Structures are given as C-alpha cells and as structure tokens.
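Understanding the architecture of this molecule
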Amino acid sequence: MNYEELLSEKQSKTSRPIEMPWGTFGKQLIDKKYLNVVELRKDLVVEPKFLECLDHESIEMLSMKEKSQISFVRDIKEGNGTTLVLPSGNLIPLQQLLIDTPAIVAQHDVVDEMVEMLFAAVEALHEKHIFHLCFAPTNVFVRKGDNRIMLLCHGSFYLSITNQNRLYDGYEEYLAPEVFNNSVVDRRSDVYSIGKLITYLYSNSSMPLAYKRLVKKATMELPEDRFVSVAEMRKALRIYKYVNRSLLYLLVAAAMAACIYGAYVSLVPKAENVEFVKPVVEQQDDDLLDKGFNEETEFGVNGKDTIAPLTPEERKLMDEYEAKCEQIFREQYEKEAEAILSKIYNRTAMNSSEKAFLAGSHSTMEELLKAQVEIAAKAGLTDSKSQRIATEIVEKITERKKAEMKKAATGE
C-alpha cells in the first residue's frame, strides 16, 4: 500500500457521513481513491427541475476562479447521477470541525479569521448575483489544515423549483423569513443566515460583544432592518471591535486617573471633604467613528487566508520575540512616564488648587495614553499587553513619587 492509499484509507476512517440540505456528505472509494462526495436525497433526484438546476450550478462553479467555491460533477457512470463528486482534499463540514475541536471557538483569532474568510467568499458570490441562502453548519465546509472556508450548494440556483422549502427540511432556523416564505431574496437574505451561523458558533460559549451587536442587527425579521449587504456587515464588525478597543483605553485611563488623584488626596491636606465626580465620557455614534476610519491601519487587515499551526521552534522564537517587545516597551514607557508624571508630582503642582491639579492630571493622563499607544506600536506589542504594563508602571512610579514627596515634606 503506497502513501496515497494510506492517506485515503485514513481519511475514510476519520470522516463521518453528515447530513446536509441536498443529501449526505462523506467519503467514497472511486477509482481506488477515497473522494469527497455528496449522496443526493432520493426525493430530489426524481425531480427533473432539481437536476436541471443542479447541472446549472455545476457549470457555474466549474467556471468560478474563487478558491472558496467548491466545484462538483454528477457521477453518471451507472446512469442515475445521484452522487456529487467533489475535488480531492480533506474537506469537512464546519459542524464536524466544532465537534472534533470545540475549543477552537475560544481562540478568537481563529474565529475572526474564519468569519473574515466567510465574508470574502460571500462577497465574491454576490458580485455574480449568487446567494447561498442557507449557512447551516453542515452546509459550510472547511479545509482541514488551514481552516479555509469553502461553500457548496448555493440556494439561488434553485429558486425556480416549486415549493423550494422542502429543499431545506430541518434547516429552517438558518433561512431568512423571505426565503422560507418564497418572497424576493437578495444580499440581506445571506446577511440573516450568516448571523444565525455566528450564533451557532457561540452556542456553547460566550459571544464577544462585537459579535452580539452584529448578530442582533443581521437577524432582524424585516430585510430593511438588517445590513444592506455582507460588505456593510463586514465593515460594521470592524467598527464594533474598534469601539470595544476604545472602551478598554477608557478603562485604563480611568485606572490611571484614579491612581493620580489618589496620590493628590493623600499628599494634600483638605479643610473639607470634596467629592470627586468623574466626568461622563461622551459616547460617539458609529457613524462618527467611520469618518476618516482606515480599516487597514486600524485593524491590520491583510490578505492571508490560511492558518498554519506553529512548530515548537517557531513558537519558541515567537515567545522570545514577544518577550523582547515587552522589554523594549517597559524600558521606553517607564522613561517617558517618569518625565510625564514629574509634571504633576512636584511642590508647585501639589500646592495648587484642586481644580488646577485635576486639569493638569487630565492632561497628564492623555499624554500617558498617547505615549503608551505610540511606544507599543514601535515595539510591536499588542494593545492588551501594553495597557496592562502601562498601568503597572504608572502605579509603581506614582507610589515612589508619593513616598519621595512625603519624605521631603517631613525632612526624613
């Protein structure tokens, strides 16, 4: 038995038949090779109109150049044509991937990459006025090894079939209401179904806030209340993530402000208690965030569409690189924070009125945040790590300067 035969046998054992809208997906021995196949439902292959639509889709998919679209041919060697033969490769339905490796959902970078690939694949379909319509977890495929999203059986090819609802028996949850009601379908129908698929992805884990906001709008009952297209949906997700990241900056700023003000209160005696009320942060509307927004510079979006696991050697190098980035950030930020905090931790600032001190501390906080962002970008450090380290450094410098000023005041 050669290597190819061993690989085929392994794939045949690890792949389990899975029901999908058009039939059952699995492996089948064809010409001494185990190939990806779909055994069509018996109630569908007896209908000439369905087979006509199926052959039309087959021709279209064979002509498409997008890597995310799965081409197929009907196996008619024995005259019945009830089997769809797909290209070779280790394809599995998304549902099977989640069953085999449920922890993958906890890896937000992996999920983000998969969702991004799904958006790109659907946008390519929409450019040709093709709609998938049913993004059920058994109707979306991934290629094992790099988790590339792959699509098969696009619903818009079958809209001419009478009572097309029976094509999706058991999958109604993933259909937009207008599809189920045999009304006009368009891009917004796919928006709805993708929202339902994202809900499924997080059915056994906590969904990030950005995705919650996305799903809420995407799955509105009326098409006019949803995103007008997957392109708009894609853009909205990036904005939602940007807003969440901004909130993290505000939390860090609040921690720094509390630390600085606490030092002022502890060092400057007061004749009466003064209640400090933090100013309310004015929230910006999503539309305002979009002005001047550059998705490539803000989110580092790139053209990579594969996810390759790191080898132990690569992981070691990555860890060493991250440790070096953290060291560079610590050294540079501590020096910068020392200079910035010295502007308010001095006798002149401490002897000023509380109003003047608070105004100065607000300006200091802005300088600290600006320095954090700039130095983190140069050092190649992530936002979450730089925020944590920056807060730690500010607290350490604040405590040291408080001690120094108390010592100077008491003459010790």
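Everything that follows concerns the structure shown earlier in this document.
Figured I'd write up the structure that's included with this text. (Residues numbered from 1 in each chain as written. Predicted model: local features only at pLDDT ≥ 70, side-chain atom pairs only at ≥ 80, totals over all residues. Heavy atoms only, no water.)

This part is about the packing of aromatic side chains. Applying the stated rule across the entire model yields seven aromatic pairs. Ring centres of Y202 and Y211 lie 5.8 Å apart, and the angle between their planes is 40°; this geometry places the pair in the tilted category. By relative accessible area, which is 5% here, Y202 ends up buried. By relative accessible area, which is 2% here, Y211 ends up buried. A connected cluster of aromatic rings, assembled from ring pairs, spans W22, F50, Y158 and Y168. (Phe/Tyr/Trp six-rings, centres within 6.5 Å; stacked < 30°, edge-to-face > 60°. Buried < 20%, exposed > 50% of the residue type's maximum accessible area, 1.4 Å probe, protein only.)

Next up on the list: helix α7 (residues 187-201). In this model α7 runs 21 Å from its N-terminal to its C-terminal C-alpha over 15 residues, within 8% of the 21 Å that 1.5 Å per residue would give. Within the span of α7, buried status applies to S189, D190, V191, Y192, S193, I194, G195, L197, I198 and L201. (Helix = DSSP H or I, 4+ residues; strand = E, 2+ residues; numbered from the N terminus. Expected span 1.5 Å × (residues − 1).)

Pairs can form between side chains of opposite charge once their charged atoms are near each other. In the structure shown here, the tally under the stated rule is 17 salt bridges. In this structure, K241 engages D112 in a salt bridge whose closest nitrogen and oxygen atoms are separated by 3.2 Å. One end of the pair, K241, is in helix α9 (residues 230-267); the other, D112, is in helix α5 (residues 108-127), and 129 residues separate them in sequence. D112 gets classed as partly exposed once you look at its relative accessible area, which sits at 24%. In this structure, K343 engages E367 in a salt bridge whose closest nitrogen and oxygen atoms are separated by 2.8 Å. Here the residue K343 occupies a position in the loop between α12 (312-341) and α13 (347-350), and E367 occupies one in helix α14 (residues 354-379), the gap between them amounting to 24 residues. Each member of the salt-bridge network shares a partner with another, and the members are E116, E123, R234 and R238. (Salt bridge = Lys/Arg side-chain N within 4 Å of Asp/Glu carboxyl O.)

Across three bridges, strand β1 (residues 18-20) lies against strand β2 (residues 23-30) in antiparallel orientation. Of the residues in β2, the one forming a bridge with I18 is F25. From the end of β1 to the start of β2, which pair antiparallel, there are two residues. With eight bridges joining them, β2 and strand β3 (residues 33-40) adopt antiparallel strand pairing. Across the sheet, residue T24 finds its bridge partner in β3, namely E39. (Pairing = 2+ DSSP bridges.)

Here E173 lies in the loop between β8 (148-151) and α6 (177-180). The class for E173 is exposed, based on a relative accessible area of 54%. Sequence separation between E173 and K196 is 23 residues; the distance between their C-alpha atoms is 7.6 Å. In contact with E173, other than residues within four places in its own chain, are Y192 and K196. (Contact = heavy atoms within 4.5 Å.)

In spatial order, the strands read β6-β7-β8; together these three strands make up an open sheet with antiparallel pairing. Either end of the sheet is taken by a strand with one partner, and the two such strands are β6 (91-93) and β8. Between one strand and the next, the sheet's axes are offset by a mean angle of 40°, whatever the strand orientation. Bridging between strand β7 (residues 140-143) and β8 involves four bridges; their strand directions are antiparallel. (Axes fitted to C-alpha atoms, helices over the stretch in contact; angles between N-to-C directions.)

The strand order across the open sheet built from five strands is β1-β2-β3-β5-β4, with neighbouring strands paired in antiparallel fashion. At either end of the open sheet lies a strand with only one pairing partner, and these are β1 and β4 (73-75). On average, each strand axis in the sheet is tilted by 45° relative to the strand beside it, whichever way the strands run. Relative to the sheet, helix α3 (residues 48-63) contacts β3, β4 and β5 (83-85), its axis offset from that of β4 by approximately 130°.

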